[in-house]
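Each chain, written out:
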Number of protein chains: 2
Amino acid sequence: MSSDSNSSIQQIPEPTLRRLPLYHQLLSEKHSEGAKNISCTEISNILGFTAIQIRKDLAYTGAVGRSKTGYNVKELLYILEDILGYTKTKDALIVGAGNLGLALMGYDGFKNYGLNIVAAFDTDPQKTGKLFHGKAVFDISELEKLAKEKGIKIGILTVPSAFAQETADLMVNAGIKAIWNFAPVKINVPDDVLVQHENLASSLAVLSHKLDNLTSVQRNE
Amino acid sequence: MSSDSNSSIQQIPEPTLRRLPLYHQLLSEKHSEGAKNISCTEISNILGFTAIQIRKDLAYTGAVGRSKTGYNVKELLYILEDILGYTKTKDALIVGAGNLGLALMGYDGFKNYGLNIVAAFDTDPQKTGKLFHGKAVFDISELEKLAKEKGIKIGILTVPSAFAQETADLMVNAGIKAIWNFAPVKINVPDDVLVQHENLASSLAVLSHKLDNLTSVQRNE
DNA sequence: TCCTTATCGATATTTATTTATCGATATCAT
DNA sequence: ATGATATCGATAAATAAATATCGATAAGGA
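Here's a quick rundown of the structure. (Residues numbered from 1 in each chain as written. Chains lettered and ligands numbered in written order. Predicted model: local features only at pLDDT ≥ 70, side-chain atom pairs only at ≥ 80, totals over all residues. Heavy atoms only, no water.)

**Looking at the layout of surface pockets**
Applicable threshold: Using only the protein atoms, space was sampled on a 1 Å grid; points where a 1.4 Å probe fits but cannot get out form cavities, open sets with protein on both sides within 12 Å along at least five of seven lines form pockets, and lining residues are those with an atom within 4 Å of a point. Grid points are joined across faces, edges and corners, and a volume is the space filled by probe spheres set on the points. We count a stretch as a helix when DSSP gives it H or I for four or more residues in a row; a strand needs E for two or more, and each element gets its number in order from the N terminus. The nonpolar class holds Ala, Val, Leu, Ile, Met, Phe, Trp, Tyr, Cys and Pro. Asp, Glu, Lys and Arg form the charged class, and all remaining residues, Gly among them, are polar.
Here the largest pocket defines a volume of roughly 1400 Å³. Together, 43 residues line the largest pocket, and Glu 14 and Arg 18 of chain A together with Glu 14, Arg 18 and Ser 203 of chain B are the ones closest to its centre. Contributions of two or more residues to the lining of the largest pocket are made by helix H2 (14-32), strand S9 (194-197) and helix H9 (200-220) of chain A together with helix H2 (14-32), strand S9 (194-197) and helix H9 (200-220) of chain B. Looking at the lining of the largest pocket, its residues break down into 17 nonpolar, 14 polar and 12 charged.

**Focus on helix H4 (residues 51-61) of chain A**
Residues and elements named next belong to chain A. Threshold: Throughout, exposure labels follow a simple rule: accessible area from a 1.4 Å probe, protein chains only, divided by the maximum for the residue type, with under 20% read as buried, over 50% as exposed, and the rest as partly exposed. Working note: the arc is built from the helix axis to C-beta atom directions. It only takes one pair of heavy atoms within 4.5 Å for two residues to be counted as in contact.
Where H4 is concerned, the buried positions are Ala 51, Ile 54, Asp 57, Leu 58 and Thr 61. Angularly, the buried residues of H4 cover 120 degrees about the axis, an arc narrow enough to put them on a single face. Every exposed residue of H4 that faces more than 90 degrees away from the buried side is listed here: Ile 52, Lys 56 and Ala 59. Considering only its buried residues, H4 is in contact with H2, helix H3 (40-47), strand S2 (71-72) and helix H5 (73-84).

**Observations concerning the interface of chain A and chain B**
Cut-off, in case you're wondering: We count a salt bridge whenever a side-chain nitrogen from Lys or Arg sits within 4 Å of a carboxyl oxygen from Asp or Glu. Whenever a nitrogen or oxygen atom comes within 3.5 Å of another N or O atom, the pair is scored as a polar contact, on the condition that within protein one atom can donate a hydrogen and the other can accept it, and that pairs from neighbouring residues in sequence are kept only if both atoms are in side chains.
Counting residues at the interface gives 69 residues for chain A, matched by 69 residues for chain B. Taken together, the connections running from chain A to chain B amount to 4 salt bridges. Across the pair Glu 14 of chain A and Lys 210 of chain B runs a salt bridge whose closest N-O atoms are separated by 3.9 Å. Between the two partners, chain A and chain B, sit 12 residue pairs in polar contact (both at pLDDT 80 or more). Put simply, the parts of the chain that give the side of chain A that touches chain B at least two residues each are helix H1 (7-10), H2, H3, H5, helix H6 (99-105), strand S8 (178-181), S9 and H9 of chain A. Here the side of chain A that touches chain B gets 19 residues from one element, more than from any other, and that element is H9 of chain A. Residue classes in the side of chain A that touches chain B are distributed as 34 nonpolar, 24 polar and 11 charged.

Treat this as a map of the structure, not an account of what it does.
The following block contains the structure:
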């Protein structure tokens with residue numbers, strides 16, 4: 001209530017926000033191909049969303065286009081990178097050095113998104129003290145010290161469901177303010193900590209369900 | 001138009017569908033704890049969605065509850081497993097044996113969701129011909145033969161963005177009807193092939209954006 | 001047995017998101 | 001220079017989803 005200097009950012013709807021990285025991806029391709037301008041119609045033809053929706057999405061970013069020409073590629077790219085936080089690097093740590101944790105550790109793509117994974121933590125002595133993808137895996141007991149030392153605010157949670165809550169508690173104690181949760185369970189955190197739930201089971205459910213419908217439709221034809 | 005015997009399935013909204021696995025997860029915990037019944041209020045207290053929303057979600061599944069008692073845990077669990085396709089195993093293959101592909105290959109959780117990853121494919125001779133997590137990695141040239149032989153309809157796409165489209169084309173040629181796409185680019189496929197886009201960049205964008213707002217709000221306080 | 005209360009299920013309302021409409025404008029071809 | 005057209009941006013309409021309301025009902029206690 002007190003201030004809404006950032007309300008213009010706040011109010012980007014989540015569905016729009018989720019499409020912005022796709023526009024960014026396309027824009028950066030077009031930019032490297034030397035394109036100067038791009039219209040919603042062109043984006044629409046490539047990405048498959050309607051031009052109207054794209055225009056509305058871009059309006060949320062504050063980007064300004066020109067009639068008949070479209071948007072300036074370089075400028076739009078910059079705006080998107082700024083909004084998506086790709087320009088300022090954010091440190092993060094991973095808790096849970098299982099398969100998924102290690103995969104995320106080794107995923108180079110994150111650096112393009114401004115995410116720098118500093119280290120991982122685990123309880124398994126087979127893993128702690130080693131390097132994976134050039135990054136160290138520490139014992140979970142070191143979490144608080146390292147997080148506070150480096151002021152890390154983002155934690156990626158990739159432990160089995162059964163340990164998700166206790167791990168989240170440790171993260172909160174360590175000063176983590178945003179948790180990207182890959183465990184398919186809800187975790188409880190204080191109000192000032194943010195949880196982003198990444199649920200592969202949900203996506204799989206959608207896929208599986210659509211596939212069911214697809215095949216039953218085909219049977220009916 | 002001709003038949004809508006499956007319309008009751010078709011019309012489950014995607015947001016609802018994405019929540020169903022969370023209910024399932026909770027229900028299976030409660031079931032193993034010996035709970036016989038559960039109410040929307042109780043689910044609400046644990047998962048944090050409103051009881052009203054949960055009741056509406058469950059209504060889509062056809063589950064029937066009892067006043068004052070709630071739903072029968074075992075029955076609801078069964079209904080959810082059926083809708084989510086957890087009861088019938090579906091074979092899938094992975095194309096792209098990079099970090100993410102290997103992680104998904106090794107993820108035991110999928111078998112609980114009815115997904116059985118049969119094998120992976122890659123072009124890198126360092127990887128092909130080897131076993132990872134007990135599953136073989138074949139050269140991409142074997143894809144069509146194996147997919148058709150085993151009648152595999154689901155493909156998980158974990159190659160770098162630059163190769164996503166050509167890989168998707170290979171999958172389509174191999175008879176794949178549903179592609180779970182982890183590359184952060186749009187892929188074009190025939191109408192009878194379904195694509196489920198899994199975009200970590202989108203989730204990260206949401207996280208990053210919310211974190212930005214969180215910190216700017218805190219600065220303003 | 002009867003009263004209180006928690007809960008469901010159906011319906012209605014509100015809010016969020018997508019899609020459509022249309023005037024203004026800039027570019028291109030004539 | 002002029003006209004045709006593609007495009008944006010603002011506004012309006014339609015659709016989808018979340019939330020609220022309320023009567024009916026079943027359980028448990030007085």
